[in-house]
Amino acid sequence: SQQGEEDPQALSIQEGENATMNCSYKTSINNLQWYRQNSGRGLVHLILIRSNEREKHSGRLRVTLDTSKKSSSLLITASRAADTASYFCATAPYNQGGKLIFGQGTELSVKP
Amino acid sequence: SAVISQKPSRDICQRGTSLTIQCQVDSQVTMMFWYRQQPGQSLTLIATANQGSEATYESGFVIDKFPISRPNLTFSTLTVSNMSPEDSSIYLCSVGRDRYNEQFFGPGTRLTVL
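So, here's what we can say about the structure. The model shown is predicted, which means the values in this text are computed figures rather than measured ones.

## Re the packing of aromatic side chains
Right, on to step 1. Scanning the model with the defined rule gives eight aromatic pairs over all chains in all.
Right, on to step 2. Look at A:Phe102 and B:Phe105: their rings are 5.8 Å apart centre to centre, the planes differ by 80°, and that puts the pair in the edge-to-face class. One end of the pair, A:Phe102, is in strand 10 (residues 101-102); the other, B:Phe105, is in strand 10 (residues 103-105), on a second chain.
Right, on to step 3. Residue classification places B:Phe105 among the buried residues on the basis of a relative accessible area of 9%.
Right, on to step 4. Relative to B:Phe66, the ring of B:Phe61 lies with its centre 5.6 Å away and its plane at 65°, an arrangement referred to as edge-to-face.
Right, on to step 5. Taken together, A:Tyr35, A:Phe88, A:Phe102, B:Phe33, B:Tyr35 and B:Phe105 form an aromatic cluster joined through their ring pairs.

## Observations concerning the pattern of salt bridges
Right, on to step 1. For the structure on display, the rule yields six salt bridges over all chains.
Right, on to step 2. With a closest N to O distance of 2.8 Å, A:Lys99 and B:Glu58 form a salt bridge. Pair noted here: A:Lys99 is in the loop between strand 9 (85-93) and strand 10 and B:Glu58 is in the loop between strand 6 (56-57) and strand 7 (68-72), and the two residues belong to different chains. There is no split in this pair, since A:Lys99 and B:Glu58 are both buried.
Right, on to step 3. The residue B:Arg97 makes a salt bridge to B:Asp98 at a minimum N-O spacing of 3.8 Å.

## So, the sheet that holds strand 1 (residues 4-7) of chain B
Residues and elements named next belong to chain B.
Right, on to step 1. The four strands are arranged 1-3-8-7 in an open sheet whose pairing can be described as antiparallel. Strand pairing shows two members of the sheet lacking a second neighbour, strand 1 and strand 7, which therefore form its edges. Averaged over all pairs of adjacent strands, the angle between their axes in this sheet comes to 15°, without regard to strand direction.
Right, on to step 2. Two strands pair when backbone bridges link them, and strand 3 (residues 19-25) and strand 8 (residues 75-80) are joined in this way by six bridges, in the antiparallel orientation. When the sheet's bridge partners are listed, Gln24 is paired in strand 8 with Phe75.

## A closer look at the environment of B:Ile63
Residue and element names in this part refer to chain B.
Right, on to step 1. Position of Ile63 among the secondary structure elements: in the loop between strand 6 and strand 7.
Right, on to step 2. For the pair Ile63 and Val3, spaced 60 residues apart in sequence, the C-alpha to C-alpha distance is 27 Å.
Right, on to step 3. Discounting chain neighbours no more than four positions away, the residues touching Ile63 are Glu54 and Tyr57.

## What to know about the pairing of strand 4 (residues 31-37) of chain B
All names here are of chain B.
Right, on to step 1. Most of strand 4 is tucked away, with seven of its seven residues classed as buried.
Right, on to step 2. Neither face of strand 4 is left uncovered, since the one carrying Met31, Phe33, Tyr35 and Gln37 and the one carrying Met32, Trp34 and Arg36 both have all their residues buried.
Right, on to step 3. Bridge count between strand 4 and strand 9 (residues 89-96): seven bridges; the pairing is antiparallel. Note that in strand 9 the partner of Met31 across the bridge is Gly96.
Right, on to step 4. As defined by bridge partners, strand 4 adjoins strand 5 (residues 43-49) across six bridges and the pair is classed as antiparallel. Bridge pairing in strand 5 places Tyr35 opposite Leu45.
Right, on to step 5. Counting the residues between successive antiparallel strands, the hairpin from strand 4 to strand 5 contains five residues, one of them, Gly40, with a positive phi of roughly 75°.

Parameters and conventions
Residues numbered from 1 in each chain as written. Chains lettered and ligands numbered in written order. Predicted model: local features only at pLDDT ≥ 70, side-chain atom pairs only at ≥ 80, totals over all residues. Heavy atoms only, no water. Phe/Tyr/Trp six-rings, centres within 6.5 Å; stacked < 30°, edge-to-face > 60°. Helix = DSSP H or I, 4+ residues; strand = E, 2+ residues; numbered from the N terminus. Buried < 20%, exposed > 50% of the residue type's maximum accessible area, 1.4 Å probe, protein only. Salt bridge = Lys/Arg side-chain N within 4 Å of Asp/Glu carboxyl O. Pairing = 2+ DSSP bridges. Axes fitted to C-alpha atoms, helices over the stretch in contact; angles between N-to-C directions. Contact = heavy atoms within 4.5 Å.

Functional significance is not addressed by these values, which are geometric in nature.
Okay, structure coming up:
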């Protein structure tokens, strides 16, 4: 069963705007990872945030983690048409051997 | 990050047949997993491929339907047995150095069962 829920399920914005996606989960975790998938192709790893971290940056990406609320957010700043893709959060539950449990995903459309 | 390849990249199969998917990594990795992504859905973990021992299956997945081999630290296979149209999905392998670090995915195998 899915551990996480993401919202919104779909997001449509204009180029240059920021996009924020949220992820909630149910159990204690070792880390949370965000992935991008273009049109049913392979998953591209974006960023990992550990359970003892609260915020992490990578280029135009900013990820936050609130373990007390069991939630995370992914912010993409100054979006581009090339950012159009599905974005998934995946949690590594504590003491579960490293397997990942995926959220439902957010479909982002960035219009030029 | 590791370079991960999967074969075949796609296939169209008849119901009742079986297909074996290969996952090859360019370096030794501790962790290997197999996931399924049904059309329009998110990823679901099928099993953890354990080197030198039987795979650990998630609820809803059984060895008779999805036998997995992992003979060494760089290679694994997933077989989809006695296929039906409901098995039409993308099958992806993933690898990780350990349970605390990044997990990287192969390009996937797109399977269509007629």
